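# An overview of the molecular structure
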Amino acid sequence: MSNVIASGVAAWQSHTWNTHSHFTIFPARDIIINMNTKDSVIAVLKKSRDYVSGEKISETLGLSRMAVNSAVKSLRADGYEITSVTNRGYLLTRSPDIINCGELSAYLPSERTEKVLCLESVDSTNNRLRSLALEGAPAGQIVIAESQTAGRGRYGRSFASPKGKGVYLSALLRPQNVTAASVMSASAWVAAAIHNAVMNAFGVRTGIKWVNDLTLGSKKLCGILTEMSIESENGHIQYMVIGAGVNVNETAEDFPEEYRSVATSLYMHTGVKLSRAKLAAEMIKSLDKLSEDIPFNKQPYLDIYRTYNVTAGKEVRLVSANENSVAYAKAIDDEFGLVVIDKDGNEKTVHSGEASVRGLYGYV
């Protein structure tokens, strides 16, 4: 488990999984459930604006003073600047830009981080979460990685995931008695939710390119990939895996050369290095709200989607296995479909999965 940043419990069970008061054990997997000592200590320090005594930390966390001292020493080695003063305790003065359960606890209730798995590297957060879903991971399970070696988007396209630069996050939903047909526009809902997360975290309003890319300055900021498992007998959803990758602190040089003309980051847009943990926490909040709303509370998501959509009103190219044509994007319909007018003046609606939309004059 050397690639795990957040706290973890490696469980090697061969049958059912069991729930305990402090952590959950799943079969043959390294699901991160409860925070480790370092995460717990950093969570306490981040929530305090003044010095916290080692004794207070020990009492709060049920740890020995030696364990607290050891955790502080390890955190300093990780890049945290922690001042210590005799008879006053510890004060956190600077944090490195990393995502772990301790960092997330500054923005989320500690119990929410119990279902967050933070990894240093993974092929794809969606791949890892899908495996955990098959093993019985609960709704709300989150996988976050510092980097992805095989990040991907729609139609199998690759998604650049440089280490320590973006937020690469996947969330598990388990809708009850919901058919696949009722959530075919889920990716558009997610785009609205992640738009909200970016705005809540940093006050930045992104554009939304149909179907589900977030944009800034006519370039791509975020890619979204939604996958689901469907019961063949009744068409009900067993689970949904929602993946989102947001470019946060990348420079142009962090992107592969072939992506530099179409990709951007929040840093490139604002000129300010931003907290990835803060954004990750807001993304979790937004996706938790979405899991409560989908598929019945559609209107707020549709309103956001229409307000910030950058595709309607432009000429676009529709690309699919059977089509490659220019059309005028007229509007977004009530089901998040793109209403277009073809070169012959005929109007039709394109739905997610039917075609890819490409801008004629740049990415959007």
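Quick caveat, the model's predicted, so the values are computed rather than measured.

This paragraph deals with the pattern of salt bridges. Considering all chains together, one arrives at 18 salt bridges under this definition. One salt bridge in this structure joins Glu120 and Lys163, with 3.2 Å as the shortest N-O distance. On the criterion of sequence distance, the pair formed by Glu120 in the loop between strand E5 (116–119) and helix H5 (125–134) and Lys163 in the loop between strand E6 (142–145) and strand E7 (166–173) is long-range, its members being 43 residues apart. Of the residues examined, Glu120 reaches a relative accessible area of 30% and is grouped as partly exposed. Owing to a relative accessible area of 51%, Lys163 belongs among the exposed residues under this scheme. In this structure, Asp293 engages Lys289 in a salt bridge whose closest nitrogen and oxygen atoms are separated by 2.7 Å. Taken as a pair, Asp293 and Lys289 lie in helix H8 (residues 276–293) at a separation of four residues, close to a single helical turn. Assessed through its relative accessible area of 40%, Lys289 is described here as partly exposed.

Taken in spatial order, the five strands make up an open sheet running E15-E14-E13-E12-E16, and their pairing is antiparallel. Sheet topology places strand E15 (347–350) and strand E16 (356–359) at the edges, where each strand pairs with a single neighbour. Going across the sheet, the axis of each strand differs from the next one's by a mean of 45 degrees, ignoring polarity. The pairing of strand E13 (residues 323–332) with strand E14 (residues 338–342) spans five bridges and is classified as antiparallel. In the strand pairing of E14, Ala329 is matched with Val340.

Turning our eyes to something else, we now look at the state of the cysteines. Counted under the stated rule, the structure contains zero disulfides. Lacking any disulfide linkage, Cys101 is separated from the closest cysteine sulfur, that of Cys118, by 4.7 Å.

A sheet is described by the order of its strands in space; here seven strands give the open sequence E5-E6-E7-E11-E10-E9-E8, paired in mixed fashion. Both edges of this open sheet fall to E5 and strand E8 (207–209), since each of them pairs with a single strand only. Recorded for the sheet is a direction-independent mean angle of 20 degrees between the axes of neighbouring strands. Summarising the sheet, E7 and strand E11 (residues 237–247) pair through eight bridges and their orientation is antiparallel.

Attention shifts here to the environment of Gly313. Inspection of the secondary structure assignment puts Gly313 in the loop between helix H9 (299–308) and strand E12 (315–320). Sequence separation between Gly313 and Tyr328 is 15 residues, and the spatial gap between their C-alpha atoms is 7.1 Å. Residues within four places of Gly313 in sequence aside, it is in contact with Tyr328, Ala329 and Lys330.

Attention shifts here to helix H2 (residues 54–61). Of all the residues in H2, the buried ones are Gly54, Ile57 and Ser58. Burial along H2 is one-sided: seen end-on, the buried residues are contained in an arc of 100 degrees. Tucked into the core, H2 has its buried residues touching helix H1 (37–46), helix H3 (65–77) and strand E4 (89–94). Just downstream of H2 lies Gly62, where phi reads positive at about 70 degrees.

What follows covers unusual backbone geometry. With the exception of glycine, the majority of residues adopt a negative phi angle, and the majority of peptide bonds are in the trans configuration. Trp210 connects to Val211 through a cis peptide bond whose omega is 10 degrees. Among the structural elements, Val211 can be located in the loop between E8 and strand E9 (213–216). With an omega of 5 degrees, the peptide bond running from Ile294 to Pro295 counts as cis. Turning to its location among the elements, Pro295 is positioned in the loop between H8 and H9.

The subject of this paragraph is the environment of Ala133. Its place among the elements puts Ala133 in helix H5. Residues Ala133 and Val241, 108 residues apart in the sequence, show an inter-C-alpha distance of 8.5 Å. Not counting the four nearest positions on each side in its chain, Ala133 is found in contact with Leu172, Arg174 and Tyr239.

Definitions and cut-offs
- Residues numbered from 1 in each chain as written.
- Predicted model: local features only at pLDDT ≥ 70, side-chain atom pairs only at ≥ 80, totals over all residues.
- Heavy atoms only, no water.
- Salt bridge = Lys/Arg side-chain N within 4 Å of Asp/Glu carboxyl O.
- Helix = DSSP H or I, 4+ residues; strand = E, 2+ residues; numbered from the N terminus.
- Buried < 20%, exposed > 50% of the residue type's maximum accessible area, 1.4 Å probe, protein only.
- Pairing = 2+ DSSP bridges.
- Axes fitted to C-alpha atoms, helices over the stretch in contact; angles between N-to-C directions.
- Disulfide = S-S within 2.5 Å.
- Contact = heavy atoms within 4.5 Å.
- Arc of directions from axis to C-beta.

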